[in-house]
Amino acid sequence: MIRQAKGKTPRRPAPKKPSSNQKDPVGVYCRVRPLGVEDKECCIEVISSSTIQLHAPEGFKTNRNGEYKETQYSFKKVFGVSVSQKELFEHVAKPLVDDLILGKNGLLFTYGVTGSGKTFTMTGSPGQGGLLPRSLDMIFNSIGPYQAKRYVFKTDDKNGMEVQNDVDALLERQRRENNLFVPKTPSSRQKLDPEIADMIKSEEAYKVDGVDEDSSYSVFVSYIEIYNNYIYDLLEETQEDAIKPKWNGGGTPLRQNTEFIPPQSRILREDQNHNMYVAGCMEIEVKSAEEAFQVFWRGQKKRKVANTCLNRESSRSHSVLIIKLAQAPLDADGDKILQDKNQVTVSQLCLVDLAGSERTGRTGAEGTRIREAGNINQSLLNLRTCIEILRENQMCGTNRMVPYRDSKVTHLFKNYFDGEGKVRMVVCVNPKADDYEETLLVMRFAEMTQEVEVARPVDRPICGFTPGRRHRNQAFKDELSRKLEERGGPVDRDTPSVLSHLVLNLPPLPSSELTDPHDDITLPRLIEALQNRHRIRQMMIDEYSKAAVAMKSMLQELDGNLKSNNNFIHEQNGKMLEKDKIIDNNKAEIERLEKKTKMQEHKIDILQKTAKIYEEDKRSLQQELETREQRLLRELSEKRRMEQRMHGVVTDTQLKWEKECDRRVNAKQLEMQNKLWVKDEKLKQLKAIVTESKTPGRPDPPPRQTQPKRPSREERLPAKRSASPSPLPTATPVRPLHRRSRSAGGEKWVDHKPSSSMDLGTVLQPVIPNAIQVSAPSEKALSKCDRYVLTHQEVASDGEIQTKLIKGEVIKTRGGGQAVQFTDIETLKQQLTTVPSRKRRSSEGKASSGDQTDGAWTDVETRCSVAVEMRAGSNMGPGYEHHGITKRRKP
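Everything numeric in this text was worked out from a predicted model, so none of it was measured.

**Here we look at the overall build of the chain**
Regarding its fold elements, the chain presents 17 helices and 29 strands. Scored against the burial criterion, the 891 residues of the chain give a buried share of 31%. Sequence separation of 24 or more characterises 69% of the internal contacts of the chain that already satisfy a separation of 6 or more. Accessible surface for the chain amounts to roughly 58,900 Å². Of this, 52% is attributable to carbon and sulfur atoms.

Okay, here's the thing in structure tokens:
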């Protein structure tokens with residue numbers, strides 16, 4: 001049996017959204033908090049309306065070059081310590097509220113280290129309302145007259161919005177008011193909390209221009225917090241504390257005290273348009289700014305805050321207030337809301353107060369605070385990572401996956417970075433010196449965020465109904481009320497009540513009861529009454545016909561005026577289209593110039609960074625060059641000192657050996673004189689004996705051996721002093737294997753000395769008689785000679801230069817050329833002599849023999865009488881053999 005393959009579930013295709021090729025960078029603003037009373041040193045300076053400069057505080061750790069440069073950072077707008085909340089709202093949040101009314105989304109979040117004023121910037125204080133209350137006030141100031149009745153718009157729990165008629169809305173209101181589990185929304189007439197009263201002054205109110213009057217609006221707010229990467233609904237009445245254990249009915253914990261149940265949080269879901277939303281989050285419909293802010297303040301009291309060393313009320317979670325605006329067009333009559341879900345436009349503005357990054361070493365956090373700080377820092381790190389990858393993908397053309405799902409903050413707002421609305425960030429900084437390192441990291445993140453571009457949201461489609469419907473409907477109602485008032489009819493009532501009133505104004509009918517068949521009074525009276533009522537009715541019909549004709553003529557006149565106005569509007573629209581084309585062309589040119597300017601600025605930044613890198617390299621190379629020059633000077637001075645020291649040692653050694661040689665020569669002369677004196681005495685005695693033997697009367701003595709002849713006076717004089725003592729003939733015998741060097745023979749030589757050879761200034765120089773000196777061997781020179789020698793110089797292992805004479809024989813080849821066959825090598829090497837030890841060598845007392853080792857003649861005294869020759873085939877090196885006559889030492 002063939003098993004059918006299991007098919008995969010097809011993936012739901014993404015909805016086709018209108019593409020927008022235009023992109024806007026993320027708007028990054030900077031706000032500087034005033035310096036505290038206890039803080040003395042400031043490390044931030046506002047240079048211009050868009051630039052700040054950071055100074056390294058005193059005592060801060062320096063960099064490699066031993067100094068810290070002052071760094072500058074640019075923003076879209078910089079707000080100093082004297083900037084009011086009103087001015088901040090006008091530049092930052094007001095454009096987002098304008099887009100919200102026009103059906104576009106927006107995201108605004110505050111970022112900075114702990115204690116930098118983020119919560120004050122977002123919420124404010126009494127009399128100094130922040131961005132959030134001013135945004136709510138501006139929304140309701142703009143849509144106040146055009147709000148729909150409560151519960152006409154209804155959320156469908158899937159991030160969508162439905163429209164109900166008036167009857168369903170009334171039933172929904174009754175159901176919610178009777179339901180005890182649904183909390184009642186605070187009324188705008190109730191007394192506000194004194195902590196939030198008078199947040200905004202009346203003279204500081206703003207209003208959006210160009211609101212669509214032919215639509216009805218309704219505002220919904222929801223307030224959540226992201227604590228330890230869990231999402232909690234702050235507007236839910238039954239929310240449990242996330243860090244307390246749950247208890248059962250018996251009063252005992254479900255688990256041990258050391259084990260806590262994981263907190264139950266809301267989850268993120270994706271709607272049919274692939275937008276992220278918090279499932280099950282309570283959305284409350286509000287009808288005024290006071291009511292909306294009261295709802296916000298109720299959730300603000302549940303937000304997680306704690307006291308740390310750096311902030312008395314430090315936010316321990318990220319809070320998100322979502323303002324959702326639903327709008328739907330009116331029908332063709334301009335009286336009721338169009339009952340079509342596809343015509344409902346939902347836009348939202350998210351105001352995010354991020355918790356500040358902090359170092360546990362500075363905040364003194366322990367236990368739960370450490371876990372909170374770790375989760376806060378991790379979520380902010382994920383946000384920086386997503387921004388960095390987005391920037392890399394846009395600038396380098398890569399397609400790396402952005403890790404939105406690593407954190408709830410980035411996962412919730414991924415649609416905004418994908419082009420679902422404008423994104424703006426307010427960077428709050430504290431100028432005190434203790435926050436310098438954290439402020440540097442914040443500045444780098446802000447600088448990187450400005451380079452991320454977000455697709456510009458497209459405008460919503462325009463409804464096909466005639467504009468001005470609400471105004472015409474209201475004008476018709478006002479005119480009808482005026483006419484009815486002039487005729488004494490009911491004003492501002494419904495049509496059935498008007499008809500009943502007209503019926504009551506007719507004359508009453510007489511009694512029509514007939515008791516007698518011959519009654520001639522009742523019927524004529526009834527006929528007369530009916531005729532009278534008919535006449536009155538006809539008069540009313542005529543009057544109403546005249547009024548209808550007048551109304552019709554007036555409507556025709558109004559229609560004519562409307563047509564003329566429409567024609568005029570059409571003409572003006574044509575002119576406006578032409579102007580729009582010109583404006584579009586100008587915008588395209590401006591965008592082209594902006595792109596060109598941005599590209600040039602980017603190139604300038606790259607060149608500046610490259611120049612900075614080159615300057616740093618130049619500075620490091622100069623520093624290294626100076627270091628090497630100093631080291632070279634030290635080595636040169638050390639070398640001079642060494643030369644002077646060695647020169648002194650050589651001089652001392654030379655003087656010492658000169659004295660020793662003089663002493664030995666004198667001793668030898670004295671010894672020889674003593675010997676000569678002894679010989680003279682013996683000769684004198686012999687002469688006396690011979691003389692006595694030749695006297696007469698004495699027999700001749702027997703023949704003796706011939707005595708040596710007495711030397712003359714000149715012969716007895718001591719020999720001249722030589723540089724080195726002559727070896728005695730009775731000393732160590734010369735080895736019979738010594739041969740004369742063949743270089744001194746009668747052959748003709750080719751003396752090859754390369755031009756790179758150095759003159760070492762040695763006493764012993766290789767001189768070859770009967771030789772042709774060449775710098776490069778040639779066939780002509782080789783043909784005239786029998787022998788060849790090459791002078792080669794190289795560096796020995798001890799660092800000294802040694803000269804080698806490589807000798808060979810010139811052999812004629814069969815082809816008529818010459819070849820060189822190398823036979824042996826002679827070496828000339830310089831060595832630095834050392835001062836000999838005064839100790840007696842162990843080999844001095846031994847008798848000399850022909851089999852003595854090299855250690856017996858390696859001292860300084862015997863090396864003077866040693867001849868060195870190299871012979872091919874020797875075991876001691878290339879052609880090495882020695883002959884030496886050791887000098888007899890004085891016992």
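Picking up after the structure, the text goes on.
**Topic: the packing of aromatic side chains**
Counted by the stated rule, this structure contains 8 aromatic pairs. Seen from their ring centres, Phe293 and Phe296 are 5.3 Å apart, and the 40° between their planes marks the pair as tilted. Taken together, the residues span about one helical turn, with Phe293 and Phe296 both in helix H6 (residues 289-300) at a distance of 3 residues. A single burial state applies to Phe293 and to Phe296, both of which are buried. Between Phe293 and Trp297, the aromatic rings sit 6.4 Å apart at their centres with planes inclined by 25°, giving stacked as the arrangement. Placement of the pair is Phe293 and Trp297 together in helix H6, with a separation of 4 residues, close to one helical turn.

**Some details on unusual backbone geometry**
Despite not being glycine, Tyr151 shows a phi value in the positive range, around 70°. You can see Tyr151 is positioned in the loop between helix H4 (131-143) and strand S10 (153-155). Tyr151 gets classed as buried once you look at its relative accessible area, which sits at 14%. Here Asp157, not a glycine, exhibits a phi torsion of approximately 60°, which is positive. Classification of Asp157 by relative accessible area gives exposed; the value is 67%.

**Describing the pattern of salt bridges**
Throughout the structure, instances matching the rule amount to 24 salt bridges. A salt bridge links Glu291 to Arg150; the shortest N-O distance between them is 3.6 Å. A residue pair is termed long-range when its members are at least 10 positions apart, and Glu291 in helix H6 and Arg150 in the loop between H4 and S10 qualify at 141 residues. By relative accessible area, which is 3% here, Glu291 ends up buried. Assessed through its relative accessible area of 23%, Arg150 is described here as partly exposed. The shortest N-O distance in the salt bridge between Lys807 and Glu826 comes to 2.8 Å. Taken together, the residues Lys807 in strand S26 (residues 801-812) and Glu826 in strand S27 (residues 818-829) connect sequence positions 19 residues apart. Bridged by salt links that share partners, the residues Glu660, Arg663 and Arg664 form one connected network.

**Examining the pairing of strand S20 (residues 345-353)**
Burial of S20 is extensive: 8 of the 9 residues sit out of reach of the surface. As judged from the 5 bridges shared by strand S7 (residues 105-111) and S20, these two strands associate in the parallel manner. Bridging from a neighbouring strand, Leu107 pairs with Cys350 of S20. Relative to S20, strand S19 (residues 318-329) runs antiparallel, the two being bridged by 9 bridges. Residue pairing in the sheet places Leu321 in a bridge with Leu351 of S20.

**Brief notes about the packing of helix H1 (residues 85-92) against helix H2 (residues 94-101)**
Interhelical geometry of H1 versus H2 gives an angle of 50° and a closest axis separation of 4 Å. When the interaxial angle is binned, H1 and H2 end up oblique. Residues Phe89, Glu90, His91 and Val92 of H1 touch H2, and the partners they reach there are Lys94, Pro95 and Leu96. Within the contact of H1 with H2, the residues separate by chemical class into 4 nonpolar, 1 polar and 2 charged.

**Observations regarding the sheet that holds strand S25 (residues 787-795)**
Adjacent strands of a sheet form backbone hydrogen bonds with each other and so pair up, either parallel or antiparallel. Ordered by their spatial adjacency, 5 strands build an open sheet running S24-S23-S25-S26-S27, and the pairing between neighbours is mixed. One side of each edge strand has no neighbouring strand; the edge strands of this open sheet are strand S24 (771-774) and S27. Sheet twist, expressed as the average angle between the axes of neighbouring strands with direction ignored, equals 25°. Bridge count for strand S23 (residues 749-752) against S24 is 4 bridges, and the pairing is parallel. In the strand pairing of S24, Val750 is matched with Ile772.

**Some thoughts on the side chain of Arg787**
Locating Arg787 in the fold gives a position in strand S25. Buried charged residue Arg787 carries no salt bridge. Nearest counter-charge: Glu747, at 4.7 Å. A distance of 3.4 Å separates the side chain of Arg787 from the backbone oxygen of Gly808, its partner in a polar contact.

**Considering the nonpolar core**
Core analysis: the largest hydrophobic core is formed by 55 residues, its most contacted members being Ile52, Phe75, Phe413 and Met443. With sequence-adjacent residues up to four places away left out, Phe75 is seen in contact with Val28, Tyr29, Cys30, Ser50, Ile52, Met443, Ala446 and Gln450. Grouped together as the second largest cluster of nonpolar side chains are 46 residues, Tyr29, Val92, Leu131 and Leu321 included.

**A short note on the packing of H1 against H4**
It is the contact of H1 with H4, at a shortest axis distance of 10 Å, that shows an interaxial angle of 65°. For the pair H1 and H4, the crossing hand works out as right-handed. Counted together, Gln85, Lys86, Leu88 and Phe89 of H1 and Leu131, Arg134, Ser135 and Met138 of H4 form the full contact between these two elements. By residue class, the composition of the contact of H1 with H4 is 4 nonpolar, 2 polar and 2 charged.

**Things to note about the side chain of His411**
Inspection of the secondary structure puts His411 in helix H9 (residues 408-412). For His411, a relative accessible area of 10% gives the class buried. Once residues within four sequence positions are removed from consideration, His411 is found in contact with Leu268, Met276, Tyr404 and Arg405.

**Points about the sheet that holds strand S3 (residues 44-46)**
Pairing in this open sheet of 3 strands is antiparallel, and the strands run S3-S4-S5 from one edge to the other. The open sheet has two edge strands, S3 and strand S5 (71-74), and neither has a second partner. With direction set aside, neighbouring strand axes in the sheet form an average angle of 25°. Relative to strand S4 (residues 51-54), S3 runs antiparallel, the two being bridged by 3 bridges. Note on S4: the bridge partner recorded for Ile44 is Leu54.

**Considerations on the confidence of the model for the chain**
Mean pLDDT over the chain: 76, with 72% of residues reaching 70 or higher. The low-confidence segment residues 239-263 (pLDDT under 50) makes 25 contacts with residues lying over four places distant or belonging to another chain. Here residues 837-891 is modelled with pLDDT under 50, and outside its nearest four sequence neighbours on either side it reaches 86 contacts, counting other chains as well.

**Structural notes on H6**
Helix length check: H6 (12 residues) gives 16 Å between terminal C-alpha atoms against 16 Å at 1.5 Å per residue, within 8%. Within H6, 9 of the 12 residues are buried, leaving the element largely enclosed by the surrounding structure. Among all positions of H6, only Ala289, Glu291, Ala292, Phe293, Val295, Phe296, Trp297, Gly299 and Gln300 are buried. Tucked inside the fold, the buried residues of H6 contact H4, strand S12 (215-227), strand S16 (284-286) and S19.

**Some details on the environment of Ser347**
Position of Ser347 among the secondary structure elements: in strand S20. Judged by relative accessible area, which is 0%, Ser347 ranks as buried. Linking Ser347 and Leu102, residues 245 residues apart in sequence, is a C-alpha distance of 8.4 Å. What Ser347 contacts, discounting residues up to four positions off in sequence, is Leu100, Gly103, Lys104, Asn105, Ile323, Lys324, Leu325 and Gln327. For Ser347, the side chain forms a polar contact with the main-chain oxygen of Leu100, separated by 2.9 Å.

What counts and what doesn't
Residues numbered from 1 in each chain as written. Predicted model: local features only at pLDDT ≥ 70, side-chain atom pairs only at ≥ 80, totals over all residues. Heavy atoms only, no water. Helix = DSSP H or I, 4+ residues; strand = E, 2+ residues; numbered from the N terminus. Buried < 20%, exposed > 50% of the residue type's maximum accessible area, 1.4 Å probe, protein only. Contact = heavy atoms within 4.5 Å. Areas by Shrake-Rupley, 256 points an atom, 1.4 Å probe, with all protein chains shown as cover. Phe/Tyr/Trp six-rings, centres within 6.5 Å; stacked < 30°, edge-to-face > 60°. Salt bridge = Lys/Arg side-chain N within 4 Å of Asp/Glu carboxyl O. Pairing = 2+ DSSP bridges. Axes fitted to C-alpha atoms, helices over the stretch in contact; angles between N-to-C directions. Parallel < 35°, antiparallel > 145°, perpendicular 65-115°, else oblique. Nonpolar A, V, L, I, M, F, W, Y, C, P; charged D, E, K, R; others polar. Lys, Arg positive; Asp, Glu negative; His and termini not counted. Polar contact = N/O pair within 3.5 Å; in protein donor to acceptor, adjacent residues only side chain to side chain. Core = buried A, V, L, I, M, F, W, Y, C linked by side-chain atoms within 4.5 Å. Left-handed = near helix turned anticlockwise from the far one by under 90°. pLDDT = per-residue confidence, 0-100. Expected span 1.5 Å × (residues − 1).

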